[in-house]
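# Examining the three-dimensional arrangement
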Amino acid sequence: MDLESTLDELYALRPHEFTAVRNQRAAEARRAGDRELAERIRALRRPTVSAWAGNMLARREPDKVRPLISLGEGLREAHRNLDGEQLRELGRQQHLLVGALAREARQLAAEEGQSVGEAAFHEIEATLHAVLADPEAARQWAAGHLDRPLNAPVGFTGLEAGAGATVRPARPARREPEPPPKSPPEPPPEPEEDAGARRRREKLDRARQDAEEAERQAREREQAHKEASAALERSQAALDGISERVAALAQELEVARERQRQTEREHRDAREEAARTSRAARDARRRADKAATVVERSGAGA
């Protein structure tokens with residue numbers, strides 16, 4: 001037993017299962033003579049519903065973790081460069097991706113029989129915003145061992161689309177002075193895209209594609225859940241109908257068995273009566289034959 005594998009096991013459990021298994025693992029470590037490990041396990045805190053749902057999302061949907069982390073890198077770079085246009089575009093992508101992933105976490109929790117209320121849902125969103133803002137928060141979330149929701153660091157602007165963050169607007173390109181009227185002005189040359197701008201644009205394109213793909217997958221999962229729920233309701237109705245039929249048949253069977261028992265008793269009585277009358281008939285026949293013999297002998301003697 002080691003701490004990392006124990007963390008993986010405990011934080012994959014549903015919150016109400018956590019404490020009992022944690023205490024059991026701590027006791028096992030203590031019996032094995034590792035008191036330090038036992039104390040560290042014992043100190044682990046039960047996760048909140050929102051932290052547990054966020055852990056599940058990170059563990060079960062690793063392909064959806066990477067787009068969020070990539071988007072966070074783009075947001076932080078745009079924030080450092082005070083690139084207002086890029087921040088606004090990434091903020092829009094962030095809004096789509098965070099919403100889709102939070103709904104995905106809620107759906108995963110529902111599949112495990114755990115409901116996620118509005119407060120817990122907003123805490124999941126807060127954790128995802130923190131992942132966008134802070135590389136350390138992203139590392140903690142990706143490990144899947146959170147016991148509390150995360151919060152974005154104070155002062156990181158541009159995380160909420162339309163949040164009103166003050167961003168330095170891009171300065172317009174300088175205009176060349178117009179030539180004398182005698183000759184028409186030449187259009188300024190198109191500025192070449194530098195390597196940094198190209199990388200930012202490519203990262204933005206990837207983040208946009210990842211967000212759109214995450215939104216598409218979230219819609220597909222939600223539709224699949226609706227269809228599965230409808231199928232569950234239909235099967236439950238069918239099961240209820242069959243159960244009622246089984247109960248009715250069981251009652252009919254019990255009545256038939258009682259009739260069978262009654263008929264068996266009547267048959268037994270009839271058989272005994274038949275045997276009794278058969279014996280009586282044989283006895284009567286013997287007496288009749290005997291009497292006839294006596295009469296016959298008496299007639300012969302006369």
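Heads up: the structure comes first, above all this text.
For the structure given in this document, a descriptive report is provided here.

Calculation rules
- Residues numbered from 1 in each chain as written.
- Predicted model: local features only at pLDDT ≥ 70, side-chain atom pairs only at ≥ 80, totals over all residues.
- Heavy atoms only, no water.
- Helix = DSSP H or I, 4+ residues; strand = E, 2+ residues; numbered from the N terminus.
- Contact = heavy atoms within 4.5 Å.
- Areas by Shrake-Rupley, 256 points an atom, 1.4 Å probe, with all protein chains shown as cover.
- Phe/Tyr/Trp six-rings, centres within 6.5 Å; stacked < 30°, edge-to-face > 60°.
- Salt bridge = Lys/Arg side-chain N within 4 Å of Asp/Glu carboxyl O.
- Buried < 20%, exposed > 50% of the residue type's maximum accessible area, 1.4 Å probe, protein only.

For the protein, the count of helices and strands is nine helices and zero strands. Ordered by position from N to C terminus, the α and β elements of the protein give α-α-α-α-α-α-α-α-α. In the protein, 72% of the contacts between residues at least 6 apart in sequence involve partners at least 24 apart. When the accessible area of the protein is evaluated, it comes to approximately 20,100 Å², of which 51% is carbon and sulfur surface.

Considering the arrangement of structural elements, one finds serine 115 in the loop between helix 6 (84-111) and helix 7 (118-133). Separated by 62 residues in the primary sequence, serine 115 and alanine 53 place their C-alpha atoms 9.9 Å from one another.

Next up on the list: the packing of aromatic side chains. In this structure the tally under the stated criterion is one aromatic pair. Where tyrosine 11 meets phenylalanine 18, the ring centres are 5.2 Å apart and the plane angle is 50°; that geometry is what we call tilted.

Taken as a whole, this structure holds 15 salt bridges when the rule is applied. A salt bridge links aspartate 63 to arginine 66, with the nearest nitrogen and oxygen atoms 2.3 Å apart. Residue aspartate 63 and its partner arginine 66 are located together in helix 5 (residues 62-81), separated by three residues, close to a single helical turn. With respect to class, aspartate 63 is no different from arginine 66; both count as exposed. In this structure, aspartate 283 engages arginine 286 in a salt bridge whose closest nitrogen and oxygen atoms are separated by 2.1 Å. Taken together, the residues span about one helical turn, with aspartate 283 and arginine 286 both in helix 9 (residues 195-301) at a distance of three residues. Taken together, the salt bridges that share partners define one network made up of Glu9, Arg25 and Glu28.

One can find alanine 51 in helix 4 (residues 49-60). Alanine 51 sits in the buried class, given a relative accessible area of 2%. Through-space distance from the C-alpha of alanine 51 to that of histidine 145 is 8.4 Å; in sequence the pair is 94 residues apart. When neighbours within four sequence positions are excluded, alanine 51 is seen to be in contact with Leu146, Asp147, Arg148 and Pro149.

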